[in-house]
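Overview (structure and organization)
So the chains spell out like this:
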Amino acid sequence: MRVLITGGGTGGHVNPALAIAEIIKRNQPSSEIAFVGTQKGMENTLVPKAGYHLYHINIQGIRRSLSLSNLKTAYLVLVSPSHAKKIIREFKPDIVIGTGGYVCWPLLKAASSMGIPTIVHESNAIAGVAVKQLKNKLDVIMTNFESTTATLKAKAKIMRVGNPISGDFGRYSKEEARELLGIPQSVKHVVLSCGGSLGAQRMNEAALEVMRDFTSKDESIMHFHASGKRGAEAVRQTAVEYGIADKKNIVISEYIYNMPVLMAAADVVICRAGAMTLSEIAAMGKAAIIIPSPNVTDNHQYKNAKVLSDKGAAILLEEKDMSGKSLCEAVQKLCCDDKLRADMEEKIGAFASRDTDKLIYEEICDLIERKKK
C-alpha cells in the first residue's frame, strides 16, 4: 500500500497523521508512506524524526484581519493544487489521507480530481475550514466527536472512529514511566504542564507561578513543563528570576518528545484543549486542568473541553478568567484530594475510544478496494 498523508502546522495536526501512519505500518509493514507539509510547520521536525519522507507545498492560511498576506494566500490557493498533482504523480499513492490544517486542502483537492481515494480525519468537535471546503469532494470523513457530524452536511461518508494516537500511549505503567524518568521514590505526585507545540504565553506565565508558589516548595511533587518554541527564552529568564531554575523537582524544556512516558508518570496534567491532547489524556485516564486556546477558529478548543467538563471529567479554566492563583488552587486541589482525582480519572477514561485503530485501518483498505471497482 502506498499512502500519502498530509496535515501540518501544529502538533495537533501532525501527531494524528503520524499515528495513522503507525496504524498502517503495524498492519502492513511493507507499506510505503510519505508526508506532505509546509516548510515552516512542526512536521519538519516530527516527520523526519519518525523516519518518513516529507514533501513540501507552498500554502498558507487566511488572516482574519485585513492583510496583504491574504493576497499571497489567494495566489497560492490557485497554484498549490497543481504543485500537489506533481507530488501525487511522483509518489503514485493508492490513497491520500489528511488530518486538517490548510496544507491538506491542495493535496486532497488534487487527489480527488485525479480519482484517487481520499480520507480526512477531523479531530475537533467543530470541523475546520479546510474540511468544510473539501467535504463534498472527499470519499470519507472520519470524526472524533459525535457532535461533529451535525456540523457537516456532506456527500462524503461520515463515520466516527475516535482519535488516532501513538501506540506508545498506554505502553508504560506509572511505576515503569517514573523509573525511566529517574523520578525518586520520595516523589508522591507528578504534575505535567504544556501549552502546545508552539507554546502559550498566558499558560507559561501561570504555570511558572504555580511552580514558584506551590510545586517548587514541596519536594514530594515533581513538575515537568514544556514552554513551546515561542516562549522558551522568556520562560528560562522568568524561572531564574523566580529562583526555580535549579530546583531538582522542576524540569523545564522547550518541547516534550517523550510525551507517552511523561504522561504515564503524571498524576495531574495541565494542557490546552486540542483534540489530540484530550484523546491522549482520555486514553491514559489522567486528571486534567484544561485551558482552551482562545485563538482558534470557531472557539473549537473551548467546545472540545466543554464536552469533558460537563461530565465532570476535567477542570475547565478559560484563559480570560485564569490567573496564576486560580491555576495554583486547581493544581493543589487535585494533588491533595485523592478521591477527587480518582473520580476524574475514571470519568475521563470513559471518553477513550478503544477500536479507533481497527476502524481506521479497515476503512482505508475498504475504500481502496471500493474505488477499484
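Figured I'd write up the structure that's included with this text. These numbers were taken from a predicted model, which means no experiment stands behind them.

About the criteria used
- Residues numbered from 1 in each chain as written.
- Predicted model: local features only at pLDDT ≥ 70, side-chain atom pairs only at ≥ 80, totals over all residues.
- Heavy atoms only, no water.
- Pairing = 2+ DSSP bridges.
- Helix = DSSP H or I, 4+ residues; strand = E, 2+ residues; numbered from the N terminus.
- Contact = heavy atoms within 4.5 Å.
- Axes fitted to C-alpha atoms, helices over the stretch in contact; angles between N-to-C directions.
- Core = buried A, V, L, I, M, F, W, Y, C linked by side-chain atoms within 4.5 Å.
- Buried < 20%, exposed > 50% of the residue type's maximum accessible area, 1.4 Å probe, protein only.

Comments concerning the sheet that holds strand β13 (residues 315–316)
- Sheet architecture is open: 6 strands sit in the order β10-β9-β8-β11-β12-β13, paired in parallel fashion. Looking at which strands have only one partner, the edges of the open sheet turn out to be β10 (250–253) and β13.
- One ladder, built from 4 bridges, connects strand β9 (residues 221–226) with β10; its direction is parallel. From the neighbouring strand, His223 faces β10, where its bridge partner is Ile250.
- In the packing of helix α12 (residues 324–336) onto the sheet, contacts are made with β8 (189–194), β9, β11 (268–271), β12 (287–290) and β13, and the angle to β12 comes to roughly 170°.

Quick look at the sheet that holds strand β7 (residues 157–160)
- Strands sit in the order β3-β2-β1-β4-β5-β6-β7 across an open sheet of 7 strands; the sheet is parallel. What marks the edges here is a single partner per strand, and that holds for β3 (53–56) and β7. Strand-to-strand twist across the sheet, computed as the mean angle between neighbouring axes with direction ignored, equals 25°.
- Pairing of strand β6 (residues 140–143) with β7 involves 4 bridges; the strand directions are parallel. Bridging across to β7, Met142 finds its partner in Met159.
- With respect to the sheet, helix α1 (residues 11–27) is in contact with β1 (2–6), β2 (32–37), β4 (95–98) and β5 (118–122), its orientation differing from that of β2 by roughly 170°.
- Contacts between helix α4 (residues 104–113) and the sheet are confined to β1, β2, β4 and β5, with β4 contributing the most and set at about 150° to the helix.

Things to note about the nonpolar core
- Leu192, Met263, Ile281 and Ile290 are the most contacted members of the largest nonpolar core, which totals 36 residues.
- Elements represented by at least two residues in this core include exactly β8, β9, α9 (259–265), β11, α10 (275–284), β12 and α11 (300–309).
- Considering each element in turn, this core owes the most residues, 6 residues, to α9.
- The contact partners of Ile290, leaving out residues within four places of it in the chain, are Cys271, Arg272, Ala273, Leu278, Ile281, Ala305, Leu308, Ala314, Ile315, Leu316 and Leu317.

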